[in-house]
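Residue strings, one per chain:
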Amino acid sequence: MDLRTWMEDRVRRNRDRAFLFFEGQQYTYGEFDQNVSRVANALAGLGITRGDKVGIMLPNTPHHLYTWLGAMKLGAIDVPINPQFKGKLLSDMVRLCELDAIVIDHDIYDGVRDDVACVEKKIVDSAKGPPVTEPQVLCFSTLVGAATADDPPVVELTGSDIASFIFTSGTTGLPKAAMLPHAYYIHHAEKWTRTMQTSRDDRFFCPLPLYHVVRVTGFVTALASEASFVLGRRFSAGSFWDQAREDRFTVFAGHFAIYEMLLSMPARPDDRDNPLQKVSGILARSVDGIRERFGVEKCYNTFGMTEAGFPCIMEFEQGASEDICGPPGSDFRVKIFDDGDDELPEGEVGEIVVRPERPDIMFKGYYKQEDKTLEVFDNLWFHTGDLGYMRQGNLVFTERRSESIRRKGEFVPISPTEEVLRAHPGVKDAAICGVRSELDEEVKACLVLKQGEEPGPEEIIAYCEENLPRFAVPRYLEFLEELPRTPGTEKVQRYKLRERGTGEAWDREQSRLRNPGS
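Please read all numbers here as calculations on a predicted model, not as lab measurements.

### Here's the deal with unusual backbone geometry
Even without being glycine, D341 reaches a positive phi, approximately 65 degrees. Structurally, D341 is set in the loop between β17 (332-337) and β18 (350-356).

### Describing the environment of D440
Structurally, the position occupied by D440 is in the loop between β23 (427-436) and β24 (441-449). C-alpha of D440 to C-alpha of E246: the two residues are 194 residues apart in sequence and 28 Å apart in space.

### Regarding helix α8 (residues 214-224)
Counting buried positions along α8 yields eleven of eleven residues, so the element is predominantly enclosed. Along α8, the residues classified as buried are V214, R215, V216, T217, G218, F219, V220, T221, A222, L223 and A224.

### A closer look at the packing of aromatic side chains
Considering all chains together, one arrives at 26 aromatic pairs under this definition. Their ring planes at 15 degrees and their centres at 4.3 Å tell us that W241 and F294 sit as a pair that is stacked. Here F294 lies in helix α11 (residues 284-294) and W241 lies in helix α9 (residues 240-247), a separation of 53 residues in the sequence. Accessibility expressed as a relative area gives 7% for W241, which makes it buried. Each ring, one from F337 and one from W381, has its centre 5.7 Å from the other, and the planes form 65 degrees; the classification is edge-to-face. On the criterion of sequence distance, the pair formed by F337 in strand β17 and W381 in the loop between α12 (370-376) and β19 (382-391) is long-range, its members being 44 residues apart. Per residue, the accessibility class of F337 equals that of W381, and both read buried. Taken together, F19, Y29, F32, Y66, W68, Y184, Y185, F219 and F229 form an aromatic cluster joined through their ring pairs.

### Digging into the pairing of strand β8 (residues 162-168)
A regular strand carries its side chains on alternate faces of the sheet. Among the seven residues in β8, seven count as buried, and that is most of the element. With six bridges connecting them, β8 and strand β9 (residues 176-181) associate as antiparallel partners. Its bridge partner being in β9, F165 is matched across the sheet by M179.

### Concerning the sheet that holds strand β26 (residues 506-507)
Within the open sheet, the four strands sit side by side as β23-β24-β25-β26. Their pairing is mixed. Each end of this open sheet is capped by a strand with a single partner; those strands are β23 and β26. Sheet topology note: the β23/β24 ladder contains nine bridges and is antiparallel. Opposite I432, over in β24, you have A445 as the bridge partner. Lying on the sheet, helix α13 (residues 414-422) is in contact with β23 and β24; it crosses β23 at an angle near 140 degrees.

### What to know about the pairing of strand β4 (residues 77-80)
Side-chain alternation along β4 places I77 and V79 on one buried face and D78 and P80 on a second face that is also buried. Here four bridges tie strand β3 (residues 53-57) to β4, and the two strands are oriented parallel to one another. Considered in β4, the bridge of K53 is made with I77.

### Here's the deal with the layout of surface pockets
The computed volume of the second largest pocket comes to approximately 280 Å³. Forming the walls of the second largest pocket are 18 residues, and the residues nearest its centre are G87, K88, L89, P416 and V420. For the lining of the second largest pocket, the secondary-structure elements that each account for two or more residues are α4 (87-97), α13 and α14 (457-467). Sort the elements by how many residues they give to the lining of the second largest pocket and α13 lands first, with five residues. For the lining of the second largest pocket, the residue count by class is six nonpolar, six polar and six charged.

### Here's the deal with a negative patch on the surface
Together, E370, D371, E375 and D378 line one region of the surface with negative charge. As for its position among the elements, D371 is in helix α12. With a relative accessible area of 53%, D371 lands in the exposed category.

### What to know about the nonpolar core
The biggest cluster of nonpolar side chains holds 104 residues, and the ones touching the most others in it are Y185, F219 and F229. Of all hydrophobic cores here, the second largest spans 49 residues; its members include C97, I104, V116 and I162.

### Overview of the pattern of salt bridges
For the coordinates displayed, the defined rule picks out 36 salt bridges. In this structure, the salt-bridge partner of K335 is E343, at a minimum N-O distance of 3.5 Å. Put simply, E418 and R422 hold a salt bridge, and the shortest N to O gap is 3.5 Å. Taken together, the residues span about one helical turn, with E418 and R422 both in helix α13 at a distance of four residues. Residue E418 is classed as buried on the basis of its relative accessible area of 4%.

### Concerning the sheet that holds strand β12 (residues 251-253)
Here eight strands make up an open sheet; going across it, the order is β2-β1-β11-β10-β12-β13-β14-β15 and the pairing mixed. This sheet does not close on itself; its edge strands, each paired only once, are β2 (25-28) and β15 (309-315). For this sheet, the mean inter-axis angle between neighbouring strands, taken without regard to orientation, is 20 degrees. Relative to β2, strand β1 (residues 18-22) runs antiparallel, the two being bridged by four bridges. If you follow L20 over to β2, its bridge partner there is Y27. Against the sheet, helix α2 (residues 29-45) touches β1 and β2, its axis set at about 90 degrees to β2.

Criteria and thresholds
- Residues numbered from 1 in each chain as written.
- Predicted model: local features only at pLDDT ≥ 70, side-chain atom pairs only at ≥ 80, totals over all residues.
- Heavy atoms only, no water.
- Helix = DSSP H or I, 4+ residues; strand = E, 2+ residues; numbered from the N terminus.
- Buried < 20%, exposed > 50% of the residue type's maximum accessible area, 1.4 Å probe, protein only.
- Phe/Tyr/Trp six-rings, centres within 6.5 Å; stacked < 30°, edge-to-face > 60°.
- Pairing = 2+ DSSP bridges.
- Contact = heavy atoms within 4.5 Å.
- Axes fitted to C-alpha atoms, helices over the stretch in contact; angles between N-to-C directions.
- 1 Å grid on protein atoms, 1.4 Å probe; cavity = no way out; pocket = protein on both sides within 12 Å on 5 of 7 lines; lining within 4 Å.
- Points joined across faces, edges and corners; volume = space filled by probe spheres on them.
- Nonpolar A, V, L, I, M, F, W, Y, C, P; charged D, E, K, R; others polar.
- Patch = residues over 30% accessible without salt bridge, like charges linked within 9 Å, V, L, I, M, F, W, Y side chains within 5 Å.
- Areas by Shrake-Rupley, 256 points an atom, 1.4 Å probe, with all protein chains shown as cover.
- Salt bridge = Lys/Arg side-chain N within 4 Å of Asp/Glu carboxyl O.
- Lys, Arg positive; Asp, Glu negative; His and termini not counted.
- Charge placed at Lys NZ, Arg CZ, Asp CG, Glu CD.
- Core = buried A, V, L, I, M, F, W, Y, C linked by side-chain atoms within 4.5 Å.

Limitation: the analysis is restricted to geometry and does not speak to function.
Take a look at the structure:
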């Protein structure tokens with residue numbers, strides 16, 4: 001089944017029931033679907049049709065949802081892009097995807113105008129600000145306001161058609177555009193619904209960015225449950241529980257760092273006075289704290305990623321000490337391989353590999369990066385780059401094997417970040433790596449300066465803030481005579497940079513504590 005048919009079935013059964021809540025606004029299933037159809041008709045009026053690619057650079061607002069699903073109704077492919085991306089990284093991503101149109105938030109348009117210049121149809125969502133008066137740039141509200149809410153043109157779609165490109169981390173180049181079919185969304189949302197036993201009585205909350213696969217665990221799973229959905233503009237540990245009490249949400253799909261942030265907040269007498277019943281994406285070390293302090297009944301872990309969806313999901317038992325992800329379902333085979341792709345016995349750590357047992361429930365490759373697609377599907381198994389082992393039929397995750405860095409829920413693009421650092425006039429060579437901090441992974445940049453150049457740390461950071469997404473700006477800077485490299489291939493040995501820790505590095509956070517005005 002395609003996503004349009006699947007979604008419209010749920011709308012018909014729940015047309016007058018409350019569905020979307022956002023900053024004091026409320027929409028029924030029927031009103032939500034009408035708004036999606038308006039955007040679909042507006043895009044169709046611009047000539048957008050099946051197979052066209054529509055970029056989305058919007059924050060978490062209803063307009064993001066309407067644009068995503070409006071494009072989907074036409075059989076077009078939505079391409080959500082982190083609004084923090086800019087410069088060469090963004091322009092390369094836009095060219096890679098060959099976008100036919102892009103919808104951009106007004107607040108960032110001036111900063112990315114040149115980076116998206118190659119896109120023919122540019123639509124700016126001014127929201128509360130004045131519209132952009134610029135030739136060849138369209139106003140979202142004007143365009144959509146002139147469109148009807150009638151059913152958009154009927155397009156023949158199947159579950160195997162591509163619905164979205166979702167970008168994954170690029171450790172050795174550009175972030176890769178994973179092509180997700182319609183059936184991927186439906187299958188994994190219904191799987192979460194069955195596992196968590198959610199229903200129309202539940203209310204989901206999603207403050208995490210919609211350009212990630214959290215759109216499945218948050219939004220699409222709410223649809224699968226025929227529940228209601230609270231869209232949050234962004235996550236805030238300080239206001240999370242107050243919002244839970246105000247919006248009465250019962251289900252939250254997060255990631256491990258978020259729960260650690262919540263547990264690090266000062267205790268309050270009303271901590272357990274909240275409606276939250278089920279959380280997912282949590283690690284064993286946080287489970288007992290979240291249950292005992294906040295009264296959350298059910299905690300679910302998963303092994304999941306953009307390309308494979310969620311092969312394993314399970315509910316944690318009390319006193320869990322390992323990051324057990326559960327047994328594979330009937331939809332996937334999961335094994336542990338050594339470096340020669342031989343299966344390892346139970347209990348031995350190796351790379352986690354997966355293979356779908358049903359069609360169209362995994363990604364269909366990386367767009368225009370066939371070599372990368374073939375690389376991860378070596379010997380007809382998808383190689384995840386993660387390490388783990390099997391115990392009594394359950395997958396236990398241990399760590400990432402790849403060199404990727406995840407900071408504040410975002411995967412930092414390694415090669416593009418290093419390229420920006422090397423472009424600084426005082427820098428000869430640069431490499432970044434991930435290092436653990438109090439609650440999260442942080443970025444450490446190791447720099448080799450050009451002879452006679454002595455840029456200070458503050459200058460480097462200011463340069464990074466101008467040219468990198470906020471989450472990719474390093475916290476730590478370490479200045480070295482040379483970078484450790486493998487003999488012959490001259491690849492940077494990042495593990496050696498990680499092993500150095502942060503003892504000799506300059507710390508941006510500590511510097512700002514010492515110099516509050518900086």
